[in-house]
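A closer look at the structure
Okay, here's what each chain looks like letter by letter:
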Amino acid sequence: MGGRNLSNRLFVAVLGGVLIVFLAAVALILLGNVWYLAGVAKEVTTGRCTVCGYLYDEEVGALGQGILPGTRWLEILAEWECPSCSADRDQFEEIVQRRTGWNILLGSLRNPENHFAIKLSVLTAAITALLAMVVAIPAAYILSRYRLPGGQVMDTILDLPIVLPPPVMGISLLIIFSTPAGQMVNALTPEWFVTGVNKVFTFLLGHEIEDGPNWVYTTRGVVVAQFFVACSFGVRAVKASFDTLGRRHEDVARTLGCTQRQAFVRVVLPMARTGIVAGLIMTWARAIAEFGPILFFCQATQFKTEVMPIAMFLKFSVGQLESAIALVLIMVAISLVTLLTFKRLGGKGYLW
Amino acid sequence: MAQPIVQVRDVSLRLGDFAVHDAGMDIREREYFVLLGPTGAGKTVLLECIAGLHQPETGDIYVDGERMNDTAPEARGLGYLPQDYALFPHLTVAQNIAFGMRIRKKPRGEIERKVAELAELLGITHLLHRSSVKLSGGEKQRSALARALAIEPKVLLLDEPLSALDEQTREGLCVELRRVHEQLGTTTLHVSHNFEETMSVADKIGIIHEGRIRQIGTPEEVFRRPNSEFVARFVRTENIFRGTATSQRGRLVVRSGGMALEAESGPEGDVFLTVRPENVTVAAAPGRQRVNELAGRIARVVDKGALMRVDVAAGVTLVALVGRRSFQNSGLKVGAEAAVSFDPAAAHVFAAQ
């Protein structure tokens, strides 16, 4: 008896061990970024203006003079003037700063390019999530309540964006806009819409956005790229919530005198509230993580279509490893908060 | 007599695994009608069809003389209480009760008065401002009943209203349902699979099996005079014998497996003879009788609380329900010889289909 008991415990311990090893590996991989940063110590050459004491910060750059964040002091040309007092570049003295990983992390929080990326990510993902709900709520309701002819086909189309490799949607979007269908969309996009959207983006992002009527390679295109992937997740999340609710409450509401619309507004929506909020968070999380479709459809352009994943990619590709890591950590923090909120709301269902 | 308030005429429909075939029934004003049948008999489908939640494939449904087939559920004016009550979790009990009246845009004062009145009637006044989520099963049932009654429905439709409750609450609520019905006089259609529950509330019973209505009658009729083997079994007649009936000297004699059993009247030919177990007597020694007396041995005794179920093997097995005290006094026990008998007047005979 005792022996059998021991073997049972051993069995459960082995299963538990697999779980713990996996979780530890995930945590280690993510925290490895911090570990790496902690070990970084490098010397950075920069310049200080001997006239006014302005110290050039390569994390911030000098956008007023056209110097993008991340430009090294030594890359700045001789014609450059002090942004603070207009002294010539040769008025600057070269100094060497010692930078630790912590300094670099803090520095990347000062980086206006990163500010732009964070703002653009949060904003586009929020717009995408709201738009996705506008589509997901009606679509999920119909899918949940009615057995439709061709339901299998609809389900498959709905799930396609979930299983497709990321570039597929990006390339396809790019291609459709080079066909008459896409050109018609461009032609039908009203002037006021384009300028209005540009104004809103310019205001909220703190950086001039000047997109034309063509949707390709634009800031608003980021929302399009996110939407067509994230919406499927939204439909799934909301449908899971409608499925669990069942139609009993609606039936009762109908017999109590509600039309189908009244029952939907007064009973279904309030009852599905948590599911809808969970769907919002899920599509938001999905949208903020989007990379591939944006890369193809919007290109990776600084201060234009540079959402956080694109920013990481750009920094990584020019060798600013520490800066990329800083963004990675910010992204991990955002995802963690999102996920905790989602769990807190009791979100569940078929999400990935 | 006035026209029935609900008329179901040859209604058929199929819904997944459930189906109703050519169902027909009438429910009269102020009547408490129970549709009784085993699980999966199609009774809920029929009720939902009357509520307007499904369309009959063939046949017609009339409420108050008006054909309802194409009328939306919201326009039928029927109160519906589903099995799981389906209280709206985002509303308080009072808001739940007021829901239908608010949709009908009744004046606020009238709504408040009606909510208070129904809460009083059902004894849930202290719950009115609670969320509907944390109520007990019985409290939910009362709240949902109040919600259905608040629209003053022409007919109240109750789908297994008591099945989700524990035994004690169920008995209490049975009494309650009957009391509310007597007080308000709302015509009620109640769907149930529980025989005892049905007997305690119904004015009229419809027995449904495999989507077909088998018998409609008062509880007494269905209980004493089942019209088919299924109904006889379903109302726990226990003693059911198939045989051939012939009239002899003004009596009906049913020959079944070597026995000759007598009844007062009934059809001749291939028949079933049934006797309810409470009409069967068990004695230690044969009496001076008579007809319908069989000698046998007690095969099994099951303690049912107030009653004892005694199975006597006498060629066939006869089941008797005997009072606990009288059984103990008789000194009978399992294995003992016993004589079982029943009055020919207690036997019911119907033609085998």
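Structure first, text after, so check above.
Structure report, in brief. (Residues numbered from 1 in each chain as written. Chains lettered and ligands numbered in written order. Predicted model: local features only at pLDDT ≥ 70, side-chain atom pairs only at ≥ 80, totals over all residues. Heavy atoms only, no water.)

**Looking at the overall build of chain A**
When helices and strands are tallied, chain A shows 14 helices and 2 strands. Relative to the compact-globule value of 20 Å for 352 residues, chain A shows a C-alpha radius of gyration of 26 Å, a clear excess of over 25%. Oriented by its inertia axes, the alpha-carbon framework of chain A measures out at about 85 × 75 × 35 Å. Relative to its 352 residues, chain A shows a buried fraction of 43%. If you take every contact in chain A between residues at least 6 apart in sequence, the share linking residues at least 24 apart comes to 70%. Accessible area of chain A: about 18,600 Å², with a carbon and sulfur share of 67%. Charged side chains of chain A number 28 positive and 24 negative; the gap between the two group centres comes to 20 Å. (Helix = DSSP H or I, 4+ residues; strand = E, 2+ residues; numbered from the N terminus. Rg over C-alpha atoms; globule rule 2.2 N^0.38 Å. Buried < 20%, exposed > 50% of the residue type's maximum accessible area, 1.4 Å probe, protein only. Contact = heavy atoms within 4.5 Å. Areas by Shrake-Rupley, 256 points an atom, 1.4 Å probe, with all protein chains shown as cover. Lys, Arg positive; Asp, Glu negative; His and termini not counted. Charge placed at Lys NZ, Arg CZ, Asp CG, Glu CD.)

**So, the sheet that holds strand β10 (residues 212–217) of chain B**
Residues and elements named next belong to chain B. On the basis of which strands lie adjacent, the open sheet formed by 6 strands has the order β6-β7-β8-β3-β9-β10 and mixed pairing. Whereas interior strands pair on both sides, the edge strands pair on one side only; in this sheet they are β6 (78–81) and β10. Adjacent strand axes in the sheet meet at a mean angle of 15 degrees, parallel and antiparallel pairs treated alike. Against the sheet, helix α1 (residues 43–51) touches β3 (32–36), β6, β7 (155–159), β8 (187–192), β9 (204–209) and β10, its axis set at about 150 degrees to β7. (Pairing = 2+ DSSP bridges. Axes fitted to C-alpha atoms, helices over the stretch in contact; angles between N-to-C directions.)

**Brief notes about the interface of chain B and chain A**
Interface size is often expressed as the accessible area that is lost when the parts come together. Contacts between chain B and chain A engage 22 residues on the former and 17 residues on the latter. With both sides pooled, the region where chain B packs onto chain A buries about 1,800 Å², and carbon together with sulfur makes up 65% of that total. When residues of chain B are sorted by the area they lose upon contact with chain A, B:Glu74, B:His90 and B:Ile103 head the list and together hold 32% of the total. Linking chain B with chain A are 2 salt bridges. The interface formed by chain B and chain A includes 6 residue pairs in polar contact (both at pLDDT 80 or more). Of all the secondary-structure elements, those providing two or more residues to the side of chain B that touches chain A are α1, β6, α2 (93–103) and α4 (137–149) of chain B. (Buried area = accessible area lost by both parts, 1.4 Å probe. Salt bridge = Lys/Arg side-chain N within 4 Å of Asp/Glu carboxyl O. Polar contact = N/O pair within 3.5 Å; in protein donor to acceptor, adjacent residues only side chain to side chain.)

**Quick look at the sheet that holds strand β18 (residues 316–323) of chain B**
Residues and elements named next belong to chain B. Taking strand neighbours across the sheet as the criterion, the 5 strands line up as β15-β19-β16-β17-β18 in an open arrangement whose pairing is antiparallel. The sheet terminates laterally at β15 (280–283) and β18, the two strands that pair on one side only. If you compare each strand with its neighbour and ignore which way they point, the axes differ by 40 degrees on average.

**What about the packing of aromatic side chains?**
All names here are of chain A. Per the counting criterion, the structure on display carries 18 aromatic pairs over all chains. Measuring from centroid to centroid gives 5.7 Å for Tyr141 and Phe242, while their planes differ by 85 degrees, and the two rings are edge-to-face. Pair noted here: Tyr141 is in helix α3 (residues 112–145) and Phe242 is in helix α8 (residues 219–245), with a separation of 101 residues, a long-range link. Judged by relative accessible area, which is 9%, Tyr141 ranks as buried. Following the ring pairs from residue to residue traces out a cluster consisting of Tyr54, Tyr56, Trp73, Trp80 and Phe92. If you follow Arg220 out to its NZ or CZ, it ends over the ring of Trp215, 4.4 Å from the centre. (Phe/Tyr/Trp six-rings, centres within 6.5 Å; stacked < 30°, edge-to-face > 60°. Lys NZ or Arg CZ within 6 Å of the ring centre and 35° of its normal.)

**Here's the deal with helix α2 (residues 101–110) of chain A**
Here α2(A) has its buried residues at A:Gly101, A:Ile104, A:Leu105, A:Gly107 and A:Ser108. An end-on view of α2(A) places all buried positions within 160 degrees of arc, on one side of the element. (Arc of directions from axis to C-beta.)

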